[in-house]
Amino acid sequence: MLRLRRGQRQLCSGLGVLTSARLPFGAEMPKKAGATNKGKSQSKESERPLPSLGPVAVDPKGCVTIAIHAKPGSKQNAVTDLTAEAVNVAIAAPPSEGEANAELCRYLSKVLELRKSDVVLDKGGKSREKVVKILASTTPEEILEKLQKQAENK
C-alpha cells in the first residue's frame, strides 16, 4: 500500500500505475461551487466601533455596560457624580464579603427601574472600579438619562 504525505493526491494513470502529485506550496484546494466562508468576516467595512456615551457603553454582544467608581461605607446610597470615565456611586454597605457589590446592583436596579436580576456585576468584584452589565433590553441613552437625573437629585 502506498502512503501519501500531507498535501499529496493520488493520481491514476491509464496504465494502472499509481503516481502522486504534490500541490505547490501555499496553494489551496479548489472550492466547491456555492461554498461560503462560514463564520469568517467577508469585509472589514461592516465592523464599526460601537458608540460610547462616556461611562455607558455597549459591549460587542450588545449588552449595555456602565463603568462605576464605587464608594462603599457611605451613609446612604447615591449617584454622586457623572464623569467621562465613570459614574461615581456612594454605597451604604461595608466593602466586605460582597455586601457592597450586592447593594450596588440593588441600588442601580432601583435607579434604572429594572429588575434586580437584570443588573449584574461584570468586572471589579474586589475593586472600586467596577463594570456593571445591564441584561434588559434598553438603550445607553435611556440609562445615561436616568443616571444624570439621579445625580442632579442628590
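Structure shown above.
For clarity, every value in this text was computed on a predicted model and none was experimentally measured.

1. Description of the nonpolar core
The nonpolar side chains of soluble globular proteins are, as a tendency, buried together. Ranked by internal contacts, the top residues of the largest apolar core, which has 25 residues, are I66, I68, I134 and L147. Excluding anything up to four places from it in sequence, I134 contacts C63, V64, I66, L112, L114, D118 and V119.

2. Some points on the packing of helix 1 (residues 99-111) against helix 2 (residues 140-152)
Put simply, helix 1 and helix 2 touch, their axes get as near as 10 Å, and they point 100 degrees apart. Viewed along their axes, helix 1 and helix 2 adopt a mutual orientation that is roughly perpendicular. Contacts between helix 1 and helix 2 involve Y107, L108 and V111 on the former and, on the latter, K146, L147 and Q150. Residues of the contact of helix 1 with helix 2, tallied by class, amount to 4 nonpolar, 1 polar and 1 charged.

3. Re the environment of V120
Looking at the element boundaries, V120 is found in strand 8 (residues 119-123). Accessibility expressed as a relative area gives 33% for V120, which makes it partly exposed. With near-sequence residues (within four places) excluded, V120 lies in contact with C105, V131, V132, K133 and L135.

4. Some points on the environment of S96
As for its position among the elements, S96 is in the loop between strand 7 (87-91) and helix 1. Taking the C-alpha atoms as reference points, S96 and P72, 24 residues apart in sequence, are found 9.4 Å from one another.

Cut-offs and rules
- Residues numbered from 1 in each chain as written.
- Predicted model: local features only at pLDDT ≥ 70, side-chain atom pairs only at ≥ 80, totals over all residues.
- Heavy atoms only, no water.
- Core = buried A, V, L, I, M, F, W, Y, C linked by side-chain atoms within 4.5 Å.
- Buried < 20%, exposed > 50% of the residue type's maximum accessible area, 1.4 Å probe, protein only.
- Contact = heavy atoms within 4.5 Å.
- Axes fitted to C-alpha atoms, helices over the stretch in contact; angles between N-to-C directions.
- Helix = DSSP H or I, 4+ residues; strand = E, 2+ residues; numbered from the N terminus.
- Parallel < 35°, antiparallel > 145°, perpendicular 65-115°, else oblique.
- Nonpolar A, V, L, I, M, F, W, Y, C, P; charged D, E, K, R; others polar.

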